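# Coordinates in review
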Amino acid sequence: MESKLTGTAALVTGASSGIGAATARRLAEHGACVALVARRRDRLETLAAEIDKAGSTALAVEADITDRTQAEAAVQQAVERFGRLDTLVNNAGLMLLGPVAGADPQEWDRMIATNGQGLLYTTRAALPHLLQAAEEGPRRVADIVNISSIAGRVAWNGYGVYSFTKFGVNGFTESLRQEVTQRHVRVGVVEPGGVATELGSHNKPEIRTEMIDPFYQQTEVLAPEDIADGITYMVTRPRHTAIAELWIMPTEQL
Ligand SMILES: NC(=O)c1ccc[n+]([C@@H]2O[C@H](COP(=O)([O-])OP(=O)(O)OC[C@H]3O[C@@H](n4cnc5c(N)ncnc54)[C@H](OP(=O)(O)O)[C@@H]3O)[C@@H](O)[C@H]2O)c1
């Protein structure tokens, strides 16, 4: 069946779990060929097989996006396989919470590298292909969707360096939007909050007990598919429709 993204190609970082995996499924359902990028190859291959079985096309690309060479190679592999790139979803992320006093600076480095540098490397590598797709592609538009967080708008105690990275994503998104909007590359940001994924699982046990588990026990959290639906709308929306920013969170967070 012809659908809105038929004939286009997308690359989703962090496609091995959570919001990224759900987004890759949705974009494939809408007809896009999807490059699945993350470090856990086994998970990517399982998802690629599932997407292929459902009648779409997916490519598993093992890459650590904090390494610039690997981020560039991931984009290159996608373009070589699909011949084009119309959509980039910068979703890979890491959230390690806790007080600044006594913090582990290696945790900071990993978050800054994943949420900041990895997103920049992937965007830089993908941009020439997205500009070309916007000029010549079937939809005459290309999309970058950056996954930030409510913590990129609002600061909470204990979210310090995670917020530092996500506020940076928001600023970068707005600046890049102004740079390429006239060339029909739409750049937008999705700011989720409270989604049931593996995001909190990388924290130290005491942080999970004090900061993460109570939130999930007290809040009716969202499913990754809820965010994937928002991202998919941003990519499939009519060419003349602008969405700069999309907050999606549990009602209790408003
Ligand atoms: N869940 C929420 O409530 C929530 C709220 C606000 C914002 N977000 C944002 O949503 C995005 C997705 O998170 P999620 O909730 O779906 O969490 P998740 O299930 O933990 O997914 C994170 C993804 O990022 C990938 N990743 C991490 N480091 C990477 C690296 N160096 N290179 C390549 N891929 C890497 C992981 O894959 P590998 O480990 O296989 O590499 C995984 O697929 C993140 O940017 C997060 O900050 C989530």
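What comes next concerns the included structure.

## As for the environment of Glu179
Of note, Glu179 is situated in helix α5 (residues 160–180). A relative accessible area of 56% places Glu179 in the exposed class. Each C-alpha atom of the pair Glu179 and Pro99 lies 36 Å from the other, and the pair is 80 residues apart in sequence.

## Digging into helix α6 (residues 205–218)
Working note: α-helix, 3.6 residues per turn, so residues spaced by three or four point in the same direction. Its 14 residues give α6 an end-to-end C-alpha distance of 19 Å, which sits within 8% of 20 Å, the value for a rise of 1.5 Å per residue. The largest bend in α6 is about 40°, located at Ile212, with the proline Pro214 one to four residues further on.

## Some thoughts on the packing of helix α1 (residues 18–29) against helix α2 (residues 41–53)
Interaxial distance between α1 and α2 falls to 10 Å at its minimum, and their mutual angle equals 20°. Judged by the angle between their axes, α1 and α2 are roughly parallel. Of the two elements, α1 crosses α2, and the hand of that crossing is right-handed. Contacts between α1 and α2 involve Ala21, Ala24, Arg25 and Ala28 from the first element and Leu47, Glu50 and Ile51 from the second. Here the contact of α1 with α2 is built from residues that sort into five nonpolar, no polar and two charged.

## As for the pattern of salt bridges
Scanning the entire structure with this criterion turns up 17 salt bridges. Taking the shortest distance from any N to any O, the salt bridge between Glu198 and Arg40 comes out at 3.4 Å. Of this pair, Glu198 sits in the loop between β6 (185–192) and α6 while Arg40 sits in the loop between β2 (33–38) and α2; the two residues are 158 residues apart in sequence, bridging distant segments of the chain. Overall, the relative accessible area of 33% leaves Arg40 in the partly exposed class. In this structure, the salt-bridge partner of Glu191 is Arg153, at a minimum N-O distance of 3.5 Å. Here Glu191 is found in strand β6, whereas its partner Arg153 is found in the loop between β5 (142–147) and α5, with 38 residues between them in sequence.

Here is what the cut-offs are and how they apply
- Residues numbered from 1 in each chain as written.
- Predicted model: local features only at pLDDT ≥ 70, side-chain atom pairs only at ≥ 80, totals over all residues.
- Heavy atoms only, no water.
- Helix = DSSP H or I, 4+ residues; strand = E, 2+ residues; numbered from the N terminus.
- Buried < 20%, exposed > 50% of the residue type's maximum accessible area, 1.4 Å probe, protein only.
- Expected span 1.5 Å × (residues − 1).
- Bend = angle between axes of the 7 residues up to and from the residue.
- Axes fitted to C-alpha atoms, helices over the stretch in contact; angles between N-to-C directions.
- Parallel < 35°, antiparallel > 145°, perpendicular 65-115°, else oblique.
- Left-handed = near helix turned anticlockwise from the far one by under 90°.
- Contact = heavy atoms within 4.5 Å.
- Nonpolar A, V, L, I, M, F, W, Y, C, P; charged D, E, K, R; others polar.
- Salt bridge = Lys/Arg side-chain N within 4 Å of Asp/Glu carboxyl O.

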